[in-house]
Structures are given as C-alpha cells and as structure tokens.
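Descriptive structure summary
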Amino acid sequence: TGSTRPQRLLRAVQKKATQGDPQSVIATIDDFCRHSEWAMNVGDEKGLILDSIVSEVNPSTALELGTYCGYSTVRIARLLPPGGRCITLEFNPAYAAVARQVIAWAGIQDKVQLVEGPSGDLIPQMKELFGVQTFDFVFLDHWKDRYLPDAKLLEECGLLREGTVLLADNVICPGTPEYLQYVRNSPRYESRYFKSHLEYTKVEDGLEKSVFLG
Ligand SMILES: CNc1ncnc2c1ncn2[C@@H]1O[C@H](/C=C/CNC(=O)c2cc(-c3ccc(F)cc3)cc(O)c2O)[C@@H](O)[C@H]1O
Ligand SMILES: [Mg+2]
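Residues numbered from 1 in each chain as written. Chains lettered and ligands numbered in written order. Predicted model: local features only at pLDDT ≥ 70, side-chain atom pairs only at ≥ 80, totals over all residues. Heavy atoms only, no water.

Detailed conclusions should not be drawn from predicted coordinates in areas where pLDDT is low. A residue-level look at the protein finds 100% of positions with pLDDT of 70 or above and a mean pLDDT of 98. With a pTM of 0.99, the predicted complex shows an ipTM of 0.99. (pLDDT = per-residue confidence, 0-100.)

The following block contains the structure:
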C-alpha cells in the first residue's frame, strides 16, 4: 500500500517548506521534482512566464482546470490582488486532498476555492454555485484533449469577456493540436506562443496565451 508520488511531494512540503510562505512551498516542490521525483507541475521555468502573465492581468477571478498537487494554484493565488480569488477544478479526490494541504501550507487557502469534480460538469455551474460573472484569467493544465471542448464550453456559458486571458500549458509536449489550431485561427482570439521547456527538462514545451476578443 505505500505512498503515492503526490503524497511524497506533500510530505516534502510539510518537512522542508516554511508554513505560510508560498515562495518556500514553490521552491520545495521544484527541488523535489528536480532532484527526487519528476512530477507534472508547470515548474519553475514556465512558472515564471505564468507569474508574469498573472501579474499583468491582475485577475479578480481566476479559473484553473486541473489542480493536481496545487503547485500552479499557489503560483497564481500568491499574486492575486486583495479580494481576488482562484477557483480550481480537480476530479481526482486523492489529488484534491493533497492539493488542499499544499495550498493550506502556503497559507493562501482564503484566496482559493478547490472544487472536486469534472470541468465539463462544473463549468456550467460556475455562475449559480460561485456567483461568477466572467473570468479574467483561465489556466488550462488538465487532460490535453479537453482544452478545446472546455474553452468552447466557457464561451457558450458566457464566462469569458472581452480581454479574458486563457493560458494553456503543454501546447507542445504532450501537445494540444486541436486547441492550438482553434485559438490561432479563430477571429475571436488573439493568440501568442511563449516558448519554454517541459518542466524540469530540456525538452521543448511552451505556453499559449490567448486573449478572448468578445
Ligand atoms: C477533463 N476534466 C477534468 N476536470 C477536472 N480535473 C481534471 C480533468 N482532467 C484532468 N483533470 C486533473 O488534472 C490533472 C491532469 C493533468 C494532465 N496533465 C498532463 O497530462 C501533463 C503531462 C505532462 C507530461 C509531459 C511529458 C511526459 F513524458 C509525461 C507527462 C506534462 C504536463 O505539464 C502535464 O500537465 C490531474 O490532476 C487530473 O486529475
Ligand atoms: Mg502541465
């Protein structure tokens, strides 16, 4: 019955990171993934690009698809303005349980609403469940073949406004070809690729920033 990798990652955070210090939690996870066990967090290199775009958008309401262990949730939430909040969706209860504790250790749980369930079911409920009008920022990092259907669902549910920024991880590796083709060819988006590397490796990967034009 041993532990899982997310549980070992959490143990490293609780052992080495300073409670209430998001930067310390981020650094501990990056160190764990670089020197102990690789894990599919957005990582430090792409994380800096994520940070710069979150800071530029300065979102009041952010949405994250695919919490996993909460690494990017912490990166996003630590940069939110006062009163800002990040809603993050995760359908694996074991991952959600780890993420809650990582987010709590960082001390930013008051800025985060982690919702357990599949994005396809939860996105249509965002308005009624959480009083969301529209999202200012969306980070896509869940199953890669779900980026496109969920982007379209966000449009259909009226959850995007003129200027909403969608930021997608892994558009090269593992790759999200249908999503890329859509946002790069749709007149409703202004899209730009940020070249980087797959977390903790030298393999090419990157983030696609797509601004919804309304
Ligand atoms: C479909 N709707 C959904 N609703 C809610 N949560 C969902 C979800 N889909 C997936 N999830 C959750 O998101 C997470 C899934 C993320 C999928 N990510 C990847 O596959 C991924 C994979 C790699 C990767 C790259 C190279 C390689 F060799 C091996 C892996 C790198 C990454 O940065 C990745 O993000 C899990 O926590 C899962 O339970
Ligand atoms: Mg990813």
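A few words on the nonpolar core. Counting residues in each nonpolar core, the largest one holds 42 residues, and the members touching the most others are L9, I29, I76 and F137. For this core, the elements supplying multiple residues, two or more each, are α1 (5–16), α2 (22–35), α3 (43–57), α4 (71–77), α5 (93–106), β3 (112–116), β4 (135–140) and β5 (160–168). The element contributing the most residues to this core is α5, with 7 residues. Counting 29 residues, the second largest nonpolar core, distinct from the first, contains M126, L140, Y147 and A168. (Core = buried A, V, L, I, M, F, W, Y, C linked by side-chain atoms within 4.5 Å. Buried < 20%, exposed > 50% of the residue type's maximum accessible area, 1.4 Å probe, protein only. Helix = DSSP H or I, 4+ residues; strand = E, 2+ residues; numbered from the N terminus.)

Judged by side-chain polarity, W38, M40, F91 and W143 come together as a nonpolar surface patch covering roughly 440 Å² of accessible area. Topologically, M40 is positioned in the loop between α2 and α3. Classification of M40 as partly exposed rests on a relative accessible area of 39%. (Patch = residues over 30% accessible without salt bridge, like charges linked within 9 Å, V, L, I, M, F, W, Y side chains within 5 Å. Areas by Shrake-Rupley, 256 points an atom, 1.4 Å probe, with all protein chains shown as cover. Salt bridge = Lys/Arg side-chain N within 4 Å of Asp/Glu carboxyl O.)

In this section: the site of ligand 1. Neighbouring ligand 1 are 23 residues; E90, D141, K144, N170 and E199 lie closest to it. Within the side chain of S119, a nitrogen or oxygen atom sits 2.9 Å from a nitrogen atom of ligand 1. Note that an oxygen atom of ligand 1 is positioned 2.9 Å from one of the side-chain N or O atoms of D141. Considering ligand 1 on its own, with 780 Å² of exposed area, one finds that the protein chains cover 83% of that surface. In this structure the site holding ligand 1 corresponds to the largest pocket. Looking at the shell around ligand 1, the elements that each hand over two or more residues are β2 (85–90) and α9 (171–175). Residue composition of the shell around ligand 1, grouped by class: 11 nonpolar, 6 polar and 6 charged. (Near = heavy atom within 4 Å. Polar contact = N/O pair within 3.5 Å; in protein donor to acceptor, adjacent residues only side chain to side chain. 1 Å grid on protein atoms, 1.4 Å probe; cavity = no way out; pocket = protein on both sides within 12 Å on 5 of 7 lines; lining within 4 Å. Sits in = over half its atoms within 2 Å of the grid points. Nonpolar A, V, L, I, M, F, W, Y, C, P; charged D, E, K, R; others polar.)

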